[in-house]
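In case you want the letters, here they are:
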Amino acid sequence: MAKKTVVVGMSGGVDSSVAALLLKEQGYNVIGLFMKNWDEKTENGCCTAQIDYEDVKRVCAKIDIPYYTVNFAKEYMENVFQYFLAAYKAGHTPNPDVLCNREIKFKHFKERAVALGADYIATGHYCNIAVKDGKNYLLKSKDRQKDQTYFLNQVTQRQLDNVLFPLGIYEKTQVRAIAQQYNLSTATKKDSTGICFIGERNFRKFLQNYLPAQPGKILNLQGQEVGEHIGLMYYTIGQRRGINLGGRKGDGEGRWFVVKKDINKNILYVSCGDESPLYSTVCSVKNMNWILEKPFAKQFDCTAKFRYRQEEQKVTITVQANDSIIITADEGQRAVTTGQYAVLYMDDICLGGGVITNILE
RNA sequence: UGGGGUGUCGCCAAGCGGUAAGGCACUGGAUUUUGAUUCCAGCAUUCGUAAGUUCGAAUCUUGCCACCCCAG
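How each quantity is defined
- Residues numbered from 1 in each chain as written.
- Chains lettered and ligands numbered in written order.
- Predicted model: local features only at pLDDT ≥ 70, side-chain atom pairs only at ≥ 80, totals over all residues.
- Heavy atoms only, no water.
- Salt bridge = Lys/Arg side-chain N within 4 Å of Asp/Glu carboxyl O.
- Helix = DSSP H or I, 4+ residues; strand = E, 2+ residues; numbered from the N terminus.
- Buried < 20%, exposed > 50% of the residue type's maximum accessible area, 1.4 Å probe, protein only.
- Disulfide = S-S within 2.5 Å.
- Pairing = 2+ DSSP bridges.
- Arc of directions from axis to C-beta.
- Contact = heavy atoms within 4.5 Å.
- Axes fitted to C-alpha atoms, helices over the stretch in contact; angles between N-to-C directions.
- Parallel < 35°, antiparallel > 145°, perpendicular 65-115°, else oblique.
- Left-handed = near helix turned anticlockwise from the far one by under 90°.
- Nonpolar A, V, L, I, M, F, W, Y, C, P; charged D, E, K, R; others polar.
- pLDDT = per-residue confidence, 0-100.
- Expected span 1.5 Å × (residues − 1).

A.B. asks: What exactly am I supposed to notice about the pattern of salt bridges here?
C.D. replies: Note that side chains of opposite charge can pair when their charged atoms are close. Across all of its chains, the model carries 14 salt bridges by this definition. Here arginine 58 makes a salt bridge to aspartate 55, at a shortest N to O gap of 3.1 Å. Pair noted here: arginine 58 and aspartate 55 are both in helix α2 (residues 48-63), with a separation of 3 residues, about one helical turn. Exposure remark for arginine 58: the relative accessible area of 46% places this residue in the partly exposed category. Of the charged contacts, one joins lysine 135 and glutamate 293 as a salt bridge, the two residues approaching to 2.8 Å between their closest N and O atoms. Taken together, the residues lysine 135 in strand β6 (residues 135-139) and glutamate 293 in the loop between β12 (279-290) and β13 (299-305) connect sequence positions 158 residues apart. A network of salt bridges, in which partner residues are shared, links Asp52, Asp55, Arg58 and Lys189.

What follows is the structure, given as structure tokens:
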């Protein structure tokens, strides 16, 4: 039987390096594919993508696999970044990485991989996939701390065809150990953070390059003016830092938090000390993607995350239409934010997710 | 112009003769493939200013300055 070919998305980090290595060990014909989806230089003028690519080259040479590079900067700009900016303009807080998976990694990247002769594609995501009754199930990773199914909530059933996630059965520490054992140059490289392909940077300054600042008033929940904001899009619900509000006579010693944005009046609402206005139990969600292609009932209980790295919360789902639901949480949730994704789980299975549109109660 | 009050870090604010608490903000770091949150660390040789008393003053005295309130 001919060797199966796997194209691995390689970012230049440990995870994708080890993913490629493991597949090679498993006997696949492995090809590394590096994506460059962002052209800007970082503030210090040094292009991190270049450094990452160097690492990809080193790792591929080490494990002896061919590698290529592709540039989806245009697709990224059109299908991810424009949406990202539009959401901020509308007063929401988008999650570009969720879309990046659906629009770039599991779409353009996959198409290109197939064109290169791939039987499968693989990434260094921490998650698992299982096929049962002809359906792809997206499952949480063994390392619950690193589980990345949250970011894959918009990926469709078809997009999961012929996908491998070799890291899903490992702990992060094991992955690093494997990299060390094989002497990969990325073994001790720091985990990347920040928006995928754009990287860690001063978020405010970054946004300022694209969205004009429109200063306005900051009011407390009693309607008193307590300060001035530099532009609503630079703040998100639940945020504390960057509001620049210190002690105010009679307001006690609490921290200030953003609790609401009025995009029409250009007003930022804040609360001092008291975080109770941030808590809610019911929200509406649209653009619901069911990885198994449909909800299994009109109403059901499951768990949900309202942001990455949040512990799962017990919730009840009420299906409105196929792609819109109402989520009612058993307990109050802090700072549920429009534009973010609510992702549903049932035990190990990631059911999918959608965009939070309204906080109802 | 009389009478009273207040001036301590960007903002609140302790201190009341023994050698500058705390909170918020801010900065840096940790955590983190979104944005946040959280955590840890740093952050006034100086107390409106000038002089005096004292072994020693932000704390007492006096002058000056600024602001606030009441009266005119």
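A.B. asks: Hey, could you run me through the state of the cysteines in this one?
C.D. replies: Here is the idea: a disulfide is a covalent bond, and it sits between the sulfur atoms of two cysteines. Counted by the stated rule, this structure contains 0 disulfides. Of all cysteine sulfurs, the one in cysteine 196 lies closest to cysteine 100, which takes part in no disulfide; the gap is 4.9 Å. Look at cysteine 100 and you get buried, because its relative accessible area is 1%. The closest cysteine sulfur to the non-disulfide-bonded cysteine 127 is located on cysteine 350, 8.9 Å from its own sulfur.

A.B. asks: What should I look at first to understand the pairing of strand β16 (residues 341-346) in this one?
C.D. replies: Where a strand is regular, its side chains alternate between the two sheet faces. Taken across its 6 residues, β16 has 5 buried, putting it largely inside the fold. Bridge analysis of β13 against β16 gives 3 bridges, and the strand direction is antiparallel. Bridge pairing links alanine 304 to leucine 344 in β16. Counted between consecutive antiparallel strands, the loop separating β16 from strand β17 (residues 349-359) contains 2 residues, among which aspartate 347 sits at a positive phi close to 55°.

A.B. asks: Would you mind showing me how to read helix α5 (residues 172-181) here?
C.D. replies: Residues spaced three or four apart along an α-helix face the same direction, because each turn holds 3.6 residues. Every buried residue belonging to α5 is among Lys172, Val175, Ile178 and Ala179, and all of these are buried. Take α5 and look down its axis: the buried residues cluster within an arc of 120°, on one side only. Residues Thr173 and Gln181 are exposed on α5 and point more than 90 degrees away from its buried face. Of the surrounding secondary structure, the elements contacted by the buried residues of α5 are α1 (14-25). Downstream of α5 by one or two residues, asparagine 183 has phi in the positive range, about 60°.

A.B. asks: Please explain the sheet that holds strand β11 (residues 267-272) as it appears in this structure.
C.D. replies: Backbone-to-backbone hydrogen bonds pair the strands of a sheet. The strands run either parallel or antiparallel. Pairing within the open sheet is mixed, and its 4 strands lie in the order β9-β8-β11-β10. The open sheet has two edge strands, β9 (225-229) and β10 (256-262), and neither has a second partner. Along the sheet, successive strands turn relative to each other by an average axial angle of 35°, direction set aside. Bridge analysis of strand β8 (residues 216-220) against β11 gives 3 bridges, and the strand direction is parallel. Bridge pairing links isoleucine 218 to leucine 268 in β11.

A.B. asks: What's the story with the packing of helix α3 (residues 73-89) against helix α4 (residues 96-115) in this structure? I'm lost.
C.D. replies: In a packed pair of helices, the relevant descriptors are the angle between the two axes and the axis-to-axis distance. The interhelical angle for the contact between α3 and α4, taken along N-to-C directions, is 160°, at an axis separation of 9 Å. Classed by the angle they form, the pair α3 and α4 counts as roughly antiparallel. For the element pair α3 and α4, the recorded crossing hand is right-handed. Residues Glu75, Tyr76, Asn79, Val80, Tyr83 and Phe84 of α3 form the contact with α4, whose own contacting residues are Pro96, Leu99, Cys100, Glu103, Ile104 and His108. Split by residue class, the contact of α3 with α4 holds 8 nonpolar, 2 polar and 2 charged.

A.B. asks: Help me understand the confidence of the model for chain A, please; the structure alone is not making it clear to me.
C.D. replies: The predicted coordinates should not be examined in detail at positions where pLDDT is low. When pLDDT is averaged across chain A, the result is 89; 97% of the residues are at 70 or more. Mean pLDDT across the elements of chain A ranges from a minimum in α2, with 82, to a maximum in β16, with 96. Here the predicted complex carries an ipTM of 0.85, next to a pTM of 0.88.

A.B. asks: I keep staring at α2 and nothing clicks. Help me out?
C.D. replies: The end-to-end C-alpha distance of α2 is 23 Å, a good match for the 22 Å that 16 residues give at a rise of 1.5 Å each. When we look at burial in α2, the residues that qualify are Ala49, Tyr53, Asp55, Val56, Val59, Cys60 and Ile63. When α2 is viewed along its axis, its buried side chains cluster within an angular range of 160° and face the same direction. In this fold, the buried residues of α2 make contact with β1 (5-10), α1, β2 (29-36) and β3 (67-71).

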